[in-house]
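# Chain and residue survey
Each chain is listed here by its residues.
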Amino acid sequence: MMRTIRYYCKAFRKIAAFEPLLIPLTLVLAVATGAKPFVNIYFSARVVSELSGARSVSTLTTLVLLCLGLNFALQILTEWLMPTFSMIRSRMYEKERMEIEHKLFTLDFAKLENSDFQELVHLHSESMEKVFSAFAQLCWMLRDFVTGVSTLVCAFILLAPLVRIGFTKTGEGFVHSPWFFIALLLFLAVSVVIILLLSNQTSRIWFSSLERYGKLNRLFRCYRDILSNYNSGKEVRLYKEQPLIEREATEALLTKGETILRETSQKSATASSYIAILGALVGFGVYVFIGVKGLLGLFTIEALVRYTGAFMQIISGVTSIAVTLGKSAEILPNLEYFFRIAETESKMEYGTKEVDLEKVEIEFRHVWFRYPGAENYTLKDISLKIGKGERLAVVGRNGSGKTTFIKLLCRLYDPDRGEILVNGVDLRTLSKDCCLRLFSVVFQDFKLFSLSVEDNMTAGETAESERLWRCLTEADVAKRVERMAKREKTTLYKDMDKDGVEVSGGEAQKLALARALYKDAPIVVLDEPTAALDPVAEHRIYQQFNNFVEGKTAIYISHRLSSCRFCDTIAVFRKGELVQCGTHDALLQEADGEYKQLWDAQAKYYLPPKETVNL
């Protein structure tokens, strides 16, 4: 209970921070909605009283006009406020999403790669799809709850005289004693508790079923994205994978999903039926009580109408409150997902030191690292020095630790032991801005956005045209951009612009290379930079890069060892260890070395076989 209250308090504070007017607006709407039925109840009772008494036309006219006027005023108020309420609520939804996205952008990369955190983000995304927004739903709940409370308050005000009658002994027998009224109140209380429990159970059933159905729907969306993606569409058709997808996704959603929804509907329908039966029984009890007291002549016809209407509104108010409270089982997990993400803190700390970016020297000193939760070290006692302007190639088999080496260098992770020095200064003591200005990186899983070529190159900053085209030329993609309709202003891909240009994998890789060059950082890191290029294009790129990175420190990761020959030094990794370090020619001289084995394994596919001589 206390956990629920704490989360609700945090949530309402967050709503007030997102949209200060939303809660007051919700309360005004709720009170107006709750009070509206009682205008008709009160004036209907007055009209009945007047018709059974003096029948004054002026009085009846006044009552009718007042009733219509108040109804009109309340209707205008709600109709006027509702669009504003919906607009602010939608705006809050966007702010909720933006806060999560901002957190994901600014959080430590190590946290983003954590599988538990990724699952949490996925759960939050699923919950946003299921209930639109936990905070938006909470506003609806607040409105319905306050509406129910307002209804009960107005009803009790109208019923105050009847309470006095109920506790007054009017004769002999049960119906004349206060116990009649007490029994009705107890029945009402028990019914309210049962309705609350049933409503909570229904909410839990729906939430549980949505989780189960969400897993199937997630699979369906995954395959749907595969089918709708033209890149993967080729394989789907050539390998006739449609039946597999239909069996794994579509049929599963239609069969298992339908079973889940049918079971859920049956259970919730049963609970709703019980709530309806209880409501009918309560209404019957109320009518019996009012009818008996009315036959005894304890109140007038006006009071009869007023009491009957007020009692029925009590049932409506209680049901509204019960349904609202029952949704806690659905809302609380979604609020928890949001706050767990929003309150996740970055653990990586930065210093305030700066280094000379014109002269950068890097040194790894006895660096050890393993990923969080892993048993074995990914990098083991790595010691390596990279001088200013040096070209270093990092090679090794898959899983040898090459990409992890780059992640540590770019300070996406910190080593568990040892230190990484830049110009003799520990990387962890540099300012964040200094760390970001040190590196231009192209990872093998680079990402281009559905924005213009220019925006992709400059990250949204004002472009320097001459510099931009120089980088496009160095990356061997300038001619392709010149052929585009709007040149560097052309949007990439068609996600956001129907006139966008779809570039090939090789062209996208060249644009990513150009982006790295445009940043003009002192250290250029290329992780499989030419994997999507043909050998001729790869050779031309490396020739141009060799000139362009002159004076910069360049680090290359590549499986194609032939592309590493121009590097000053080659570092060879195996199972997380640095096993060799030297020039290409020197490493080939080590007959049993890892580099020679890798080189020979690739060279046999490029060198012609020796001719067989028949003697």
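So, here is what we can say about the structure in this document.

Turning our attention to the nonpolar core. The biggest cluster of nonpolar side chains holds 42 residues, and the ones touching the most others in it are Met457, Leu472, Leu492, Leu511, Ile570 and Tyr595. Here the element with the most residues in this core is helix α17 (residues 505-519); it accounts for 8 residues. The residues touching Met457, leaving out its near neighbours within four places in the chain, are Leu468, Cys471, Leu472, Leu511, Ala514, Arg515 and Tyr518. Residues Ile15, Leu138, Leu332 and Phe338 belong to the second largest nonpolar core, which totals 34 residues.

Bringing empty space enclosed by the protein into the picture now. Tallying each qualifying case throughout the model produces 1 cavity of 30 Å³ or more. Counted as a void, the largest cavity has a volume near 80 Å³. If you go around the largest cavity, the residues you meet are Leu188, Ser191, Val192, Ile195, Leu278, Gly279, Val282, Ile314, Ile315, Val318 and Thr319. At the level of elements, α7 (178-228), α9 (242-295) and α10 (301-326) are the ones that each hand at least two residues to the lining of the largest cavity. For the lining of the largest cavity, the class distribution of residues is 8 nonpolar, 3 polar and no charged.

Here 6 strands make up an open sheet; going across it, the order is β6-β7-β8-β3-β9-β10 and the pairing mixed. Each of the sheet's edge strands pairs with one partner strand only, and the pair in question is β6 (439-442) and β10 (577-582). Neighbouring strand axes in the sheet, compared pairwise and without regard to direction, differ in orientation by 15 degrees on average. Bridging between β6 and strand β7 (residues 523-527) involves 4 bridges; their strand directions are parallel. What sits directly across from Val441, in β7, is Val525. Across the sheet, helix α12 (residues 402-409) lies against β3 (391-396), β6, β7, β8 (553-557) and β9 (569-574), angled at about 150 degrees from β8, the strand it touches most. With respect to the sheet, α17 is in contact with β6 and β7, its orientation differing from that of β6 by roughly 180 degrees.

Moving on: the pairing of strand β4 (residues 417-422). A regular strand places its side chains so that they alternate between the two faces of the sheet. Here 5 bridges tie strand β1 (residues 362-369) to β4, and the two strands are oriented antiparallel to one another. Looking at β4, one finds that Ile362 is bridged to Val422. Of the strand pairs in this sheet, β4 and strand β5 (residues 425-426) are connected by 2 bridges, and their pairing is antiparallel. Residue pairing for β5: Val422 is matched across the bridge by Val425. Here β4 folds back onto β5 in antiparallel fashion, the turn holding 2 residues, of which Asn423 has a positive phi close to 55 degrees.

Reading guide: rules and limits
- Residues numbered from 1 in each chain as written.
- Predicted model: local features only at pLDDT ≥ 70, side-chain atom pairs only at ≥ 80, totals over all residues.
- Heavy atoms only, no water.
- Core = buried A, V, L, I, M, F, W, Y, C linked by side-chain atoms within 4.5 Å.
- Buried < 20%, exposed > 50% of the residue type's maximum accessible area, 1.4 Å probe, protein only.
- Helix = DSSP H or I, 4+ residues; strand = E, 2+ residues; numbered from the N terminus.
- Contact = heavy atoms within 4.5 Å.
- 1 Å grid on protein atoms, 1.4 Å probe; cavity = no way out; pocket = protein on both sides within 12 Å on 5 of 7 lines; lining within 4 Å.
- Points joined across faces, edges and corners; volume = space filled by probe spheres on them.
- Nonpolar A, V, L, I, M, F, W, Y, C, P; charged D, E, K, R; others polar.
- Pairing = 2+ DSSP bridges.
- Axes fitted to C-alpha atoms, helices over the stretch in contact; angles between N-to-C directions.

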